[in-house]
Amino acid sequence: MTSDCGVYTLSELTTMGWTTDDIKRARRAETLTPIAHGWVRAAGADSQAVAAVTAGGALSCVSALRFHQAHGHPDIWTPPGHGDTHVRLSKYRKSTPRPSGPFRWCQGYGQPLPVTTAVDTIPVAIGCAARCLAAEEWIAVVDSILYTTGWTIPDLQAEMGRVARSVSAMFDRCDARSQSGTESIVRLRLIANGFDVEVQPSIGGREHADLRTGSLLIECDGESYHSDRAAFGNDRRRDRMTMLDRWMTMRLTYDDVLYGWDDVLEEIRALTRPDRHRIRRRNDPRRIIE
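First, a word on scope: everything that follows refers to the structure included in this document. Keep in mind the model is a prediction, meaning the values are calculated, not measured.

What to know about the sheet that holds strand S3 (residues 39–42)
Taken in spatial order, the 3 strands line up as S1-S3-S2 in an open sheet, and their pairing is antiparallel. At either end of the open sheet lies a strand with only one pairing partner, and these are strand S1 (7–9) and strand S2 (32–36). When the angles between neighbouring strand axes are averaged without regard to direction, this sheet yields 35°. Relative to S2, helix H3 (residues 47–54) is tilted by about 45°, and along the sheet it contacts S1, S2 and S3.

Written as C-alpha cells, this is what we have:
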C-alpha cells in the first residue's frame, strides 16, 4: 500500500493482515464502509481519495503529488493552481461514462495502468502529470523529487509504464541538484532566453549559491521561505562575502518568479550586459555616462 489514505481494496486489507471475518465485522460495525466494488473506506478517509475511487479510478497527477506532499514527502514541489481533483480512470472503466463532478481526468502515455491503490504512486502520478502540466512545471516537480527522495530518473521511469519520447526529452532537462521549484523554473527560463547557467556554483568553502549566470549569483526563495533571524542573518552574511569576491547577488521570491517574471528577466539582462558598470543618465535609458 502506497500510503494510508483510509481507502483500501479488499486485497490490500488482506495484505495488512485482515481476515475475511475481520472485514465482515468491521463492515457490520460501520468502521469500514463499501464505496465501490472491491473498495472500502475507513472513518476519516481522505475525501479526494474517496471521490476518485467512487468515480472509478485513483487519485493521480497533481492531486496525488499533493497527497504525498502532505504524507511523508513535504519537500515535493507542486505548482500553484490545478485545483480540480485529478483522477486516473481504471483501464477497466475506460469505456464507461465518466461521472460528473469537479474532476480532471488524467492518463499517462501508453496503455492505461490498472488501479490497485486509491492514490497513485509518485512515479505513476508524474506519468499522468506529464500530459497535464506545462513542461517547466513538470520538470520542477521532478527536480524536487530527485533532490528530496534520493530516487533516480531510472527509478521513476521503471514504475511509470510507457515513457514517451516527449517525456524522455523533459527528463533530459531535469537537474537533481535543484533545491526548490522556483530555482528550477528560473534555470529553465534563463536557458530558454539564451543564458549560460551554472547550478549550485561554489561561493567559497562548502557554501553554494542557487544559480550563476556570468558574474550574477541568483538565490531563489521558495513559497515557505525561512523567516527565522538566524537564517536571515546568514543570507546577509553570504551576500557580503560574495560582494567581497566581486559577485553580484540577486534574491528572488516565489512571487517574483511565478508572477513577476517579465520584470525579473529585464533586470537580469540589465545586470549581465557588458556595459553594466557604466552609469546611465536619469530618464534616458539610451544615454550613458562614461
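More follows now that the structure is in view.
Remarks on the pattern of salt bridges
In total, this model carries 7 salt bridges according to the counting rule given. Two residues, aspartate 22 and arginine 25, come together in a salt bridge whose shortest N-O distance is 2.7 Å. Taken together, the positions of aspartate 22 and arginine 25, both in helix H2 (residues 20–28) and 3 residues apart, correspond to about one turn of that helix. Here arginine 25 falls in the partly exposed class, since its relative accessible area comes to 45%. Residues arginine 189 and glutamate 136 are paired through a salt bridge, measuring 2.6 Å at the closest nitrogen-oxygen approach. Of the two residues, arginine 189 sits in helix H9 (residues 181–192) while glutamate 136 sits in helix H6 (residues 135–149), which places them 53 residues apart along the sequence. For arginine 189, a relative accessible area of 16% gives the class buried. Overall, glutamate 136 belongs to the partly exposed group, its relative accessible area being 23%.

What about the sheet that holds strand S10 (residues 248–252)?
Two orientations exist for strands paired in a sheet by backbone hydrogen bonds: parallel and antiparallel. Spatial strand order, S7-S8-S9-S10: 4 strands in an open sheet with mixed pairing. The open sheet is flanked by strand S7 (198–199) and S10, the only strands paired with a single partner. With 3 bridges connecting them, strand S8 (residues 211–213) and strand S9 (residues 216–220) associate as antiparallel partners. The partner of threonine 213 across the bridge, within S9, is leucine 216. H9 contacts S7, S8, S9 and S10 of the sheet and is inclined by roughly 140° relative to S9. Across the sheet, helix H12 (residues 261–272) is in contact with S8, S9 and S10; its angle to S10 comes to roughly 175°.

A word on the environment of methionine 248
Counting through the fold element by element, methionine 248 comes out in strand S10. Judged by its relative accessible area of 23%, methionine 248 is partly exposed. Note: C-alpha distance between methionine 248 and leucine 217 (31 residues apart in sequence) is 5.9 Å.

Digging into the environment of leucine 252
Position of leucine 252 relative to the elements: it lies in strand S10. Distance in space between the C-alpha atoms of leucine 252 and valine 186 is 9.3 Å, their sequence separation being 66 residues.

Definitions and limits used
- Residues numbered from 1 in each chain as written.
- Predicted model: local features only at pLDDT ≥ 70, side-chain atom pairs only at ≥ 80, totals over all residues.
- Heavy atoms only, no water.
- Pairing = 2+ DSSP bridges.
- Helix = DSSP H or I, 4+ residues; strand = E, 2+ residues; numbered from the N terminus.
- Axes fitted to C-alpha atoms, helices over the stretch in contact; angles between N-to-C directions.
- Contact = heavy atoms within 4.5 Å.
- Salt bridge = Lys/Arg side-chain N within 4 Å of Asp/Glu carboxyl O.
- Buried < 20%, exposed > 50% of the residue type's maximum accessible area, 1.4 Å probe, protein only.

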